Amino acid sequence: MPKSQVRRDQFGGLLKTLRLERRLTQEELAEAAGSSVRGIREMERGRVRSPQRRTVVLLADALRLAGADRDRFVALARVERQPHDRTPVPDDRVVVSDDRAEVPHDRSPVPHERPAVVVPGELPAAVPDLAGRAEILERLAALAADVTAERPDAASVVVLHGPPGIGKTSLAVAAGHRLSPAFAGGQLFVDLQGASPDGPVDSAEALAGLLRSLGVPDSRVPVSPAERGGLFRTLTRDRQLLVVLDNAASEAQVRPLLPAGRGCLALVTCRRPLTGLAGAVRLPLDLLAPAAGRLLLAAIVGAHRIAAEPAAADQVVKLCGRLPLAVRIAGNRLASRPQWSVGWLVDLLHDQRRRLTVLTAGDLGVRSAFEVSYRQLDPMAARVFRRTSLIPGTDFEPALVAAVAGTDEETAAAALEELVEAGVLLSMGDRYQFHDLVRLYAQERLDAEEPQAGRTAAHDQMVGWLLRRTRQAGLMFEPVACRGDSPFDDDREAASWLDRESGNWLAALRDAARRGRHVDVVAVTRALHWYSDANSHRHSWDEIFSLGVAAARAAGSPRDEAVLLNFLGWARYFCRDRNTDGLDALSRALELARRIGDRREEAWALTYTAAIFIRIGRGGWAVDHCRRAVGLFREIGYALGEHSAASALGGALAALGRFAEAAELHRDVLAFYVRGNGLSPTGAAVARAGAMMSLGADLAGMGRWRSAADEYARARRVFNRCGATFSEAIAIHRYGLALQALGEVDPAAEALRAALALYAALCCPWWEAQTLSALAALAGSAPGRAADVRLLRQRALDRCGELDAPEVRTLRATLRRELAES
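This text gives an overview of the structure that appears in the document. (Residues numbered from 1 in each chain as written. Predicted model: local features only at pLDDT ≥ 70, side-chain atom pairs only at ≥ 80, totals over all residues. Heavy atoms only, no water.)

### Some thoughts on the overall build of the chain
Point 1. Along the backbone of the chain there are 40 helices and 10 strands.
Point 2. In terms of overall dimensions, the chain has C-alpha extents of about 115 × 70 × 55 Å along its principal axes.
Point 3. Residues classed as buried in the chain amount to 54% of the 822 residues present.
Point 4. In the chain, the share of contacts with a sequence separation of at least 24, taken over all contacts with a separation of at least 6, comes to 67%.
Point 5. Within the structure as shown, the chain displays about 35700 Å² of accessible surface, and the carbon and sulfur contribution to it stands at 51%.
Point 6. The average position of the 107 basic charges and that of the 101 acidic charges among the side chains of the chain differ by 2 Å. (Helix = DSSP H or I, 4+ residues; strand = E, 2+ residues; numbered from the N terminus. Buried < 20%, exposed > 50% of the residue type's maximum accessible area, 1.4 Å probe, protein only. Contact = heavy atoms within 4.5 Å. Areas by Shrake-Rupley, 256 points an atom, 1.4 Å probe, with all protein chains shown as cover. Lys, Arg positive; Asp, Glu negative; His and termini not counted. Charge placed at Lys NZ, Arg CZ, Asp CG, Glu CD.)

### Here's the deal with the packing of helix H30 (residues 599-615) against helix H31 (residues 619-636)
Point 1. Between H30 and H31, whose axes approach to 8 Å, the crossing angle comes to 155°. On the basis of their axis angle, the class for H30 and H31 is roughly antiparallel. As for the relative orientation of H30 and H31, their crossing is left-handed in sense. Each of Arg599, Arg600, Glu602, Ala603, Trp604, Leu606, Thr607, Thr609, Ala610, Phe613 and Ile614 in H30 lies in contact with H31, whose residues at this interface are Gly619, Trp621, Ala622, His625, Cys626, Arg628, Ala629, Leu632, Phe633, Glu635 and Ile636.
Point 2. Of the residues assigned to the contact of H30 with H31, the class counts are 13 nonpolar, 4 polar and 5 charged. (Axes fitted to C-alpha atoms, helices over the stretch in contact; angles between N-to-C directions. Parallel < 35°, antiparallel > 145°, perpendicular 65-115°, else oblique. Left-handed = near helix turned anticlockwise from the far one by under 90°. Nonpolar A, V, L, I, M, F, W, Y, C, P; charged D, E, K, R; others polar.)

### Overview of the packing of aromatic side chains
Point 1. What the rule picks out here adds up to 25 aromatic pairs.
Point 2. With 5.3 Å between their ring centres and 55° between their planes, phenylalanine 545 and phenylalanine 567 make a pair best called tilted. Pair noted here: phenylalanine 545 is in helix H27 (residues 541-555) and phenylalanine 567 is in helix H28 (residues 558-575), with a separation of 22 residues, a long-range link.
Point 3. Looking at phenylalanine 545, the relative accessible area reads 0%, which means it is buried.
Point 4. By relative accessible area, phenylalanine 567 is classed as buried at 10%.
Point 5. A network of ring pairs unites the aromatic residues Phe370, Tyr374, Phe385, Phe396, Phe434 and Tyr441 as a single cluster.
Point 6. When the ring centre of tryptophan 340 is taken as origin, the NZ or CZ atom of arginine 337, which lies over that ring, is 5.0 Å away. (Phe/Tyr/Trp six-rings, centres within 6.5 Å; stacked < 30°, edge-to-face > 60°. Lys NZ or Arg CZ within 6 Å of the ring centre and 35° of its normal.)

### Here's the deal with helix H39 (residues 786-800)
Point 1. The terminal C-alpha atoms of H39 lie 21 Å apart, and with 15 residues this matches the ideal 21 Å at 1.5 Å per residue to within 8%.
Point 2. Listed in full, the buried residues belonging to H39 are Val789, Leu792, Arg793, Ala796, Leu797 and Cys800. The buried residues of H39 occupy one face: seen down the axis, they fall within an arc of 140°. Among the exposed residues of H39, those oriented more than 90 degrees off its buried face are Ala787 and Leu791.
Point 3. Tucked inside the fold, the buried residues of H39 contact helix H38 (765-780) and helix H40 (806-821).
Point 4. Phi for glycine 801, located one or two positions after H39, is positive at around 50°. (Expected span 1.5 Å × (residues − 1). Arc of directions from axis to C-beta.)

### A short note on the sheet that holds strand E10 (residues 431-433)
Point 1. Spatial strand order, E8-E10-E9: 3 strands in an open sheet with antiparallel pairing. The open sheet has two edge strands, strand E8 (395-396) and strand E9 (426-428), and neither has a second partner.
Point 2. Inspection of the sheet shows E9 paired to E10 by 3 bridges, in the antiparallel sense. Across the sheet, serine 427 pairs through a bridge with tyrosine 432, a residue of E10. (Pairing = 2+ DSSP bridges.)

### Here's the deal with the sheet that holds strand E1 (residues 157-161)
Point 1. Read across the sheet, 5 strands follow the order E2-E3-E4-E1-E5 without closing on themselves; strand pairing throughout is parallel. Because the sheet does not close on itself, it has two edges, and the strands there are strand E2 (187-191) and strand E5 (281-284). Averaged over all pairs of adjacent strands, the angle between strand axes in this sheet comes to 15°, irrespective of strand direction.
Point 2. As paired strands, E2 and strand E3 (residues 242-246) are joined by 5 bridges and run parallel to one another. Its bridge partner being in E3, phenylalanine 189 is matched across the sheet by valine 244.
Point 3. Across the sheet, helix H6 (residues 134-148) lies against E1, strand E4 (265-270) and E5, angled at about 170° from E5, the strand it touches most.
Point 4. Contacts between helix H7 (residues 168-179) and the sheet are confined to E1, E2, E3 and E4, with E4 contributing the most and set at about 165° to the helix.

### Description of the environment of phenylalanine 434
Point 1. With respect to the helices and strands, phenylalanine 434 occurs in the loop between E10 and helix H21 (436-449).
Point 2. Taking the relative accessible area as the measure of exposure, phenylalanine 434 reaches 3% and is therefore buried.
Point 3. With 49 residues separating them along the chain, phenylalanine 434 and phenylalanine 385 place their C-alpha atoms 9.6 Å apart.
Point 4. What phenylalanine 434 contacts, discounting residues up to four positions off in sequence, is Phe385, Thr388, Ser389, Thr394, Phe396, Val424, Leu425, Arg439 and Ala442.

### Some thoughts on the side chain of glutamate 642
Point 1. Within the secondary structure, glutamate 642 sits in helix H32 (residues 639-655).
Point 2. Residue glutamate 642 is classed as buried on the basis of its relative accessible area, which comes to 17%.

### Focus: the environment of methionine 476
Point 1. Here methionine 476 lies in the loop between helix H22 (452-475) and helix H23 (491-500).
Point 2. Assessed through its relative accessible area of 4%, methionine 476 is described here as buried.
Point 3. Each C-alpha atom of the pair methionine 476 and serine 587 lies 30 Å from the other, and the pair is 111 residues apart in sequence.

### A short note on unusual backbone geometry
Point 1. We note that arginine 322 has phi near 55°; this positive angle belongs to a residue other than glycine.
Point 2. Position of arginine 322 among the secondary structure elements: in the loop between helix H13 (310-319) and helix H14 (324-336).
Point 3. A residue is classified by how much of its surface remains accessible, and arginine 322, at 30% relative accessible area, is partly exposed.

### So, the environment of alanine 713
Point 1. Relative to the assigned elements, alanine 713 resides in helix H35 (residues 705-722).
Point 2. Alanine 713 gets classed as buried once you look at its relative accessible area, which sits at 19%.
Point 3. Sequence separation of alanine 713 and serine 647 is 66 residues, and the distance between their C-alpha atoms is 20 Å.

### Focus: the side chain of glutamate 602
Point 1. Along the chain, glutamate 602 falls in helix H30.
Point 2. Residue glutamate 602 is classed as buried on the basis of its relative accessible area, which comes to 14%.
Point 3. Not counting residues within four places of it along the chain, the set of residues in contact with glutamate 602 comprises Leu590, Ala593, Arg594 and Leu632.

Right, here's the structure in full:
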């Protein structure tokens, strides 16, 4: 058959036939030939149109070809390397794509010859179902337009980078096909195999392939890498050419392969951002948006199947971590099994131990994509990768990684950066995060490569470090004399750490409770008390202090149990609006404190109980409890407790309408907190703002609304500076009510809406209900807003939910009556 009649996919078909005749899998042939599975697959599909000569020879050896069979195999590969639209030229000439005389290898002119124009078209077939990349495709189109217009500031190199399976190659190929009309000089494609277990393609070898694609015969390809690079730059200098350099390993590999023409564009894909490439535009690829993931599934499986089970489809995308490769594999599995429901696949994916195995289809697999990067890590980075999977939270800092990996922080930080470079870890400034599927792979490697004793020791080391650091952070909020040595400079730094690491230290606390580390649990939960005052709705204090109570009881420490029962009572009524449950915990604390003779905890139990009595309308009982608490605190000389109880007493007096007496008490309390009296800076500030709030309530009760509004505004500013979001919301709420009383409707509504947004963010339904009711009252004062009023009242009623307290029942009844009448 003449060469011009040879089908372009004939080499791939022959390769597959020979492989199957020898009963070899693609994996076995790749291993025998020193190639990659992906390379074998692409050649068999006819997508690799210029297999390297060295690769072809190695394949022939692996297939044990000899004689005429070997010659035919090599010849077909050589035909494949000839562009299909290329004009035949003598073998001793270099074909260039401009109108200048071609230059033979011996540098002497060839008379009366015009060069043939070679327009390579090497892009593999594009996936038909690319999803979620419209924005980045538009950006690439704009960059290409700048390049082809030869604007002086146009970027000629674009790096598409991201972790394994993010879809870099699919995007680059799709973009190449869309941009190809703008590049009259053609398109070149090279798989640089940067993530191949066999190592990346040598730049000199890649240059030889590029030169052949541009029409340079094998006999005229220079031997020297430098000469190859020079010739490549010469041939690309005056043409508009698109070069896709897929799966790059490093800057050094890529630099010699960049075309020289101002009208040329190089698209480079790499797991790393290749920061050493000067002047390159770097475009990171993100995970698919949920909607894009669903579209990709629908394109593969069929829109009708996805439309029939939309919730299950969304779960598939979520369980695939929105990773394009994983979503594609999941889609392929569904497409090949029409009898499966989408929900069935969801059930399979829910099993974390099997998820990576489920996400395998043929020779495509998420696990294998991660495996390539993992095998290229140095021993310390690999150890950090495995052991970091033990960290329970979604993100982490180098210090915690150092603890679990058993190394110092500097070494851990360097290893983490290597993992980011390898594409198996995400960097978020000074913190790091696994993709969900990468974490599962790291856990697999940990189980496979480290003995159980080593895994347990690493886990215990991490838990111990977290408990110690959490206790040290909590103690920064105690009076100065109680802090001791600490790695934190002040309470703000400690609060920042506790907020960032909450997912990790809370998991460590739970683990310690399950494993009977009662002394540690008690120490940590007690240390967090003062921090909880300023961060009442940021963490699950009900659960935290419940763990402490159980640990104290198991450890046989009644005093610790009484302390933590008081903390638990506070958490239940103040943080969760569960007044009855709060009273139950406080009654146990009071009984236990009296039994063991602990007057301090007895006084705290009385104080917290009084706060609940104020809430449920039992002001007389609250006054009695507060006076007894003030007396007990005064007897033991605990001024801080005495003024806390005095503040509660003022609230009880205000509840009985005795606002002037309450205001006098609250001014004394405010003066006490202004002096600091040993509290941490944040603790003292929050206490002062709390006294301002109480004083504002007293002034409001006396009808002095403007003065009340001023106190609330002052308190709000302090709470905001301290990060006490819930208290800030209450201050804004009361400020809005004061403005409402002053007749300032628009500013009042603005304040109430701001408070509502904070309550919603903190998930405080009772406070949302109160604020919505107040907004309904404001809207009702304006004509023509009956529909708005009804909607606000309905929302308020919905937020009351199943809460069961006297004040909730009263508001619920009021809202139902108003809705019935409207």
